[in-house]
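Below are the chains, spelled out letter by letter.
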Amino acid sequence: MDEMSELITKANIARPDDFYAELIGLHEGRTKEESDALNARLILLLANHIGDIDVLRQAMKAAAKSGHDGARN
Amino acid sequence: MTRIFETPIYPYVRSADQDAASPARHPVVVVGAGPVGLAAAVDLAQAGTPVVVLDENDKVSWGSRAICFAKRPLEILDRLGCGDPMVDKGVVWNVGKVFFDERQVYEFNLLPEAGHKRPAFINLQQYHFEKYLVDRVRELEAAGKPIEIRGGNKVRSIDQREGHVRLDIETPDGPYAIDADWLVACDGAASPIRSMMGLDFIGRTFEDNFLIADIVMQEGDFPTERWFWFDPPFNRGQSTLLHKQPDNVWRVDFQLGWNIDKEEEKKPENVTRRLKAFLGDDASFELEWVSIYTFQCRRMAKFRHGHVLFAGDSAHQVSPFGARGANSGLQDTDNLVWKLKLVLEGKAPETLLDSYDEERIHGADENILNSSRSTDFITPKSDISRIFRDAVLELSEHHEFARPLVNSGRLSVPCTYDGSSLNGTDDEKMPPRTRPGSPASDAPIGGKWLLDMLGGRFQLVTIDTEAPERIDAGGIGIERLALSSADDPTGALAERYLGGRESAVYLMRPDQHVAARWVGFNEAAVRDALDTAVARDRGWTR
Ligand SMILES: Cc1cc2nc3c(=O)[nH]c(=O)nc-3n(C[C@H](O)[C@H](O)[C@H](O)COP(=O)(O)OP(=O)(O)OC[C@H]3O[C@@H](n4cnc5c(N)ncnc54)[C@H](O)[C@@H]3O)c2cc1C
């Protein structure tokens, strides 16, 4: 049987502050509507890069948890 | 000139049944001479099962209806003897263009797989299609086959009795009654029979309105392509489809949304204004039909109710995106007719008909799922859904990956009856596309087409291996079709049927679906699989 790939939830970005600044920078000067559209495009591009539906499902599940739910995970 | 949809082609004629002292009994009565009822009748009569078709009307269908017919239904129509006129008259298309807002975002080519007799799709007006089926009925009549079509016969009520159904019919000469061992209800979306039986639909329902205009334009104005607009300037927030039919008729399909004033929208000046905004002010066209349709995605909980069997729109409905209405109705009768014949002949138990429910509900659910998803993409139901939809369309212009996410209708593909109780043994080294439950894939073999050699009876297809020419399995004959890799110059047969094996034996159902498959012939295994395929494996004895 195929080993199911695990969503990486340990730190995996080499320079976290740089990435974060670039992500926020991307939205600078955009309206809420433009930012929403951009985020959607970004999610789609990343999702396609990952491709593996199992990993995508784990990511959707993890993202759907927030607040107390998220903390318990 | 009278046009084909204005000419009565099965006018009312008084039948001897109307003068009978007591109701005449018929093995099968089909109610409705739409595409599905006619296909059922042709299929039955071809196999020698007597059938009477009743329709309150006497003409082919009226108004804008089906235009797009997929390969599988064309293969079924080949088996029914109507494939050639359909394909000769129909418009074959492969190219589609997708527009978003004011621009074209991409173009696709269906690039149909080689090695099939029939094209992926043709476009043809439903009235032509029905005419070819009626021509076929006439041909069968002339050949002495037991088929009769009664126009001007409206079913007023039905009564399910012990082992048969009594029908009360209204005609221009007054009412009469007949009895049917089996009644096949192909009486359309508004199915009076469904209402008479107090049956309803289940499933998700959503509603939308479409303004459908069939217009006549000069050749050369638009190519033979499927053009689909999301949120265009001439129909903001909605979608529009342009598709070519034979005889220079184009189908224009404007989605209007749910809260609209139908009367206002239908006014010729408003329709013309819409069309001019779309086609340009100087476009010249003639209106053939203009109508507003409402579609729903839903099905009956069960298609078999005792001796009444529902097929086509009476049993299930889908939105038009994906062209699944008539296409799936034809797969219904393809599935039903051989079962009905075996039950009528006493060669299979009545429970075989429950597998019609099982298999075609599976098909209907697949169609409903696909059309619901298309509808959700075309008409996003929330802000976030629209944001993602628009993001997909934006990305599709420059990134190939986003194109498969664009959903302007997933065009009808044949249904595989995975998990059906009629399926027998599989061989995992053979190709998945021909696993039990699948419709046979066509392939060119020794100058012929495989599908032209299949159907209408149980067959044992052998590839590079031996088997008896004929097996009698409890009154059901299994005929061998011997094939050889030597007749497979393109390799399609090996690719579609052998996969990782050197030889294969396939048990094929009369509807060209695979029942079971093995590497070599084993008589006991074949008999077992046949019993399973006709539901005789559950303690049935003749
Ligand atoms: C705009 C539009 C576009 C479509 N596009 C496509 C497409 O591209 N591809 C596709 O596959 N499908 C398409 N469809 C769907 C397709 O038209 C239907 O699925 C198909 O007509 C269903 O056939 P049917 O035989 O089940 O029912 P119908 O064609 O509705 O026939 C029912 C028949 O029953 C008769 N009847 C009704 N009540 C009685 C009674 N009491 N007694 C006697 N007779 C009765 C009627 O007179 C009628 O002839 C489209 C539909 C529409 C409206």
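This one's a predicted model, so the numbers in the text were calculated from it and none came from an experiment.

Thresholds, definitions, all that
- Residues numbered from 1 in each chain as written.
- Chains lettered and ligands numbered in written order.
- Predicted model: local features only at pLDDT ≥ 70, side-chain atom pairs only at ≥ 80, totals over all residues.
- Heavy atoms only, no water.
- Helix = DSSP H or I, 4+ residues; strand = E, 2+ residues; numbered from the N terminus.
- Rg over C-alpha atoms; globule rule 2.2 N^0.38 Å.
- Buried < 20%, exposed > 50% of the residue type's maximum accessible area, 1.4 Å probe, protein only.
- Contact = heavy atoms within 4.5 Å.
- Areas by Shrake-Rupley, 256 points an atom, 1.4 Å probe, with all protein chains shown as cover.
- Lys, Arg positive; Asp, Glu negative; His and termini not counted.
- Charge placed at Lys NZ, Arg CZ, Asp CG, Glu CD.
- Polar contact = N/O pair within 3.5 Å; in protein donor to acceptor, adjacent residues only side chain to side chain.
- pLDDT = per-residue confidence, 0-100.
- Axes fitted to C-alpha atoms, helices over the stretch in contact; angles between N-to-C directions.
- Parallel < 35°, antiparallel > 145°, perpendicular 65-115°, else oblique.
- Nonpolar A, V, L, I, M, F, W, Y, C, P; charged D, E, K, R; others polar.
- Near = heavy atom within 4 Å.
- Phe/Tyr/Trp six-rings, centres within 6.5 Å; stacked < 30°, edge-to-face > 60°.
- Lys NZ or Arg CZ within 6 Å of the ring centre and 35° of its normal.
- Pairing = 2+ DSSP bridges.
- Patch = residues over 30% accessible without salt bridge, like charges linked within 9 Å, V, L, I, M, F, W, Y side chains within 5 Å.
- Salt bridge = Lys/Arg side-chain N within 4 Å of Asp/Glu carboxyl O.

All right, on to the overall build of chain B then. Scanning chain B from terminus to terminus reveals twelve helices and 28 strands. Computed over C-alpha atoms, the radius of gyration of chain B comes to 24 Å, within 12% of the 24 Å expected from 2.2 N^0.38 for 542 residues, which places it in the range of a compact globule. By principal-axis analysis of the C-alpha atoms, chain B measures approximately 70 × 65 × 45 Å. Taken across its 542 residues, chain B has 58% of its residues classed as buried. A separation threshold of at least 6 residues defines the contact pool for chain B, and within that pool the share at least 24 residues apart is 71%. Summed over all atoms, the accessible surface of chain B reaches about 21000 Å², with 49% contributed by carbon and sulfur. Here chain B contributes 64 positively and 84 negatively charged side chains, and the mean placements of these two sets differ by 1 Å.

So, about the environment of B:K117. Residues and elements named next belong to chain B. Summarising the element assignment, K117 is placed in the loop between strand 6 (103–109) and strand 7 (121–123). In the structure, K117 is positioned 115 residues away from P232 in sequence and 37 Å away in space, judged by C-alpha atoms. The residues contacting K117, other than those within four sequence positions of it, are D78, D442, W449 and D452. At 3.0 Å, the side chain of K117 forms a polar contact with the side chain of D452.

A word on the confidence of the model for chain B. When pLDDT is averaged along chain B, the result is 94, and 98% of the positions lie at 70 or above. Scoring of the predicted complex yields 0.94 for pTM and 0.93 for ipTM.

All names here are of chain B. Closest axis-to-axis distance for the helix 9 (residues 354–378)/helix 10 (residues 383–398) pair is 9 Å, and the angle between their directions is 90°. One finds that helix 9 runs roughly perpendicular with respect to helix 10. Contacts between helix 9 and helix 10 pair D376, F377 and I378 from the former with S385, R389, V392 and L393 from the latter. Partitioned by chemical class, the residues of the contact of helix 9 with helix 10 number four nonpolar, one polar and two charged.

Our next topic: the site of the ligand. Residue and element names in this part refer to chain B. Looking at the ligand, there are 32 residues lining it, with D55, Q126, D313, A326 and N327 nearest. At a separation of 3.2 Å, an oxygen atom of the ligand approaches a polar backbone atom of I67. Between the ligand and the protein, one listed contact pairs an oxygen atom with a side-chain N or O atom of D313 at 2.7 Å. When the ligand sits alone it has 1000 Å² of accessible area, and the protein chains cover 91% of it.

Our next topic: the packing of aromatic side chains. All names here are of chain B. For the structure shown, the criterion picks out 20 aromatic pairs over all chains. Ring centres of F210 and F295 lie 5.3 Å apart, and the angle between their planes is 65°; on these two criteria the pair is classed as edge-to-face. Here F210 is found in strand 13 (residues 208–216), whereas its partner F295 is found in strand 17 (residues 286–295), with 85 residues between them in sequence. Summarising the burial analysis for this pair, F210 and F295 share the class buried. Cluster of aromatic residues (ring-pair linked, three or more members): F99, F222, W227, W229, F234, W250, F254 and F278. For K244, the ring lying beneath its charged end belongs to W250, and the centroid distance is 5.2 Å. A cation over an aromatic ring shows up here: R274 above the ring of F254, its NZ or CZ 5.6 Å from the ring centre.

This part takes up the sheet that holds strand 5 (residues 95–100) of chain B. Adjacent strands of a sheet pair through backbone hydrogen bonds, lying either parallel or antiparallel. All names here are of chain B. Strand order across the open sheet formed by seven strands is 6-5-14-15-16-13-17, with mixed pairing between neighbours. Edge positions in the sheet fall to strand 6 and strand 17, since each of these pairs with one other strand and no more. Strand-to-strand, the axes of this sheet are offset by a mean angle of 15°, without reference to chain direction. Here nine bridges tie strand 13 to strand 17, and the two strands are oriented antiparallel to one another. Looking at the pairing, N209 lines up with T294 of strand 17. Its contacts with the sheet put helix 7 (residues 268–279) on strand 13, strand 14 (226–230), strand 15 (239–245), strand 16 (249–257) and strand 17, and the angle it makes with strand 16 is roughly 105°.

Our focus in this paragraph is a nonpolar patch on the surface. On the surface, a nonpolar cluster with roughly 410 Å² of combined accessible area is contributed by A:I13, A:F19, A:Y20 and A:I24. Position of A:I24 among the secondary structure elements: in helix 1 (residues 16–26).

Relative to the helices and strands, B:H305 is located in strand 19 (residues 304–305). Among all residues touching B:H305, those that are not within four sequence positions of it are B:Q160, B:M197, B:L199, B:M300 and B:F310.

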